[in-house]
Amino acid sequence: MLKYRNEKDKSYGIIGMAIAMRVWDADDMYGGVTIDADGFDCMSFVGEYYYSSTGISPRSAFQHSVKIFKMMMGIALSNAMCRSMVLDGKQLSASDSKEIFDLFSAEAEAQYAITAEECNTIFKKSYNYLNRLYNYQQVHSLVKTLSENLIEKRTLSQHEIAEFLSIIE
């Protein structure tokens, strides 16, 4: 599930990433998306995502890093769920779900001081929310339109995406 099958599959995954940014109230952390890049480089991160932790309290720095961890896990999960549930019309497989969880749980404690139990809680909460979201047919039509626009234009700005996704609150 982590490899794209073709350009259409990739476009659905990238739009899933943008949806995650909307869901996690992080629209201000990216400037747009492109289908011509690989991995997380498909999304151009800006602003608060890159802020320096110098001059802020350790608690604030920790909270920011946890926010980034949740967001990155949500982006990866939304990418896979959008492709599976919207494009393929089926639930994300247990093996694909486990693969994503394992990728993030390995880094959770080492990079973010998040315990395995906390990581599991974050993952389940993200999965359950995105599962409900991707079960709405209205979301399917938004994704389809945005995916087609991304393939045609190759790049979409955060503002172009936000116009379509304003329904997701």
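Placed above this text is the structure.
The notes below deal with the structure included here. (Residues numbered from 1 in each chain as written. Predicted model: local features only at pLDDT ≥ 70, side-chain atom pairs only at ≥ 80, totals over all residues. Heavy atoms only, no water.)

Considering the pattern of salt bridges
Point 1. Evaluated as defined, the whole model comprises ten salt bridges.
Point 2. A salt bridge links R83 to D9, with the shortest nitrogen-to-oxygen separation between them at 3.0 Å. One end of the pair, R83, is in helix α2 (residues 58–87); the other, D9, is in helix α1 (residues 7–23), with 74 residues separating them in the sequence.
Point 3. Residue R83 is classed as buried on the basis of its relative accessible area, which comes to 2%.
Point 4. With a shortest N-O distance of 2.8 Å, E160 and K153 are connected by a salt bridge. (Salt bridge = Lys/Arg side-chain N within 4 Å of Asp/Glu carboxyl O. Helix = DSSP H or I, 4+ residues; strand = E, 2+ residues; numbered from the N terminus. Buried < 20%, exposed > 50% of the residue type's maximum accessible area, 1.4 Å probe, protein only.)

Description of the side chain of K10
Point 1. Mapped onto the secondary structure, K10 falls in helix α1.
Point 2. Contacts of K10, omitting those with residues within four sequence positions, involve Y4, I35, D36, A37, D38 and C42. (Contact = heavy atoms within 4.5 Å.)

Brief notes about the packing of α2 against helix α3 (residues 94–112)
Point 1. One way to put it is that α2 packs onto α3 with a least axis distance of 11 Å and a crossing angle of 170 degrees. Considering their axes alone, α2 and α3 lie roughly antiparallel with respect to each other. On α3, the residues that touch F62, S65, I68, F69, M72, M73, A76, L77 and A80 of α2 are I100, F104, A108 and Y112.
Point 2. Each residue belonging to the contact of α2 with α3 can be placed in one class, and the counts come to twelve nonpolar, one polar and no charged. (Axes fitted to C-alpha atoms, helices over the stretch in contact; angles between N-to-C directions. Parallel < 35°, antiparallel > 145°, perpendicular 65-115°, else oblique. Nonpolar A, V, L, I, M, F, W, Y, C, P; charged D, E, K, R; others polar.)

Details of the sheet that holds strand β2 (residues 43–45)
Point 1. Read from one edge of the open sheet, three strands run β2-β1-β3, paired in antiparallel fashion. The strands lining the two open edges of the sheet, one partner per strand, are β2 and β3 (155–157). Recorded for the sheet is a direction-independent mean angle of 20 degrees between the axes of neighbouring strands.
Point 2. Direction of pairing for strand β1 (residues 30–34) relative to β2: antiparallel, over a ladder of three bridges. By the bridge assignment, V33 is partnered in β2 with M43.
Point 3. Along the sheet, helix α6 (residues 158–165) contacts β1 and β3; its crossing angle with β3, the most-contacted strand, is approximately 75 degrees. (Pairing = 2+ DSSP bridges.)

Limitation: the analysis is restricted to geometry and does not speak to function.
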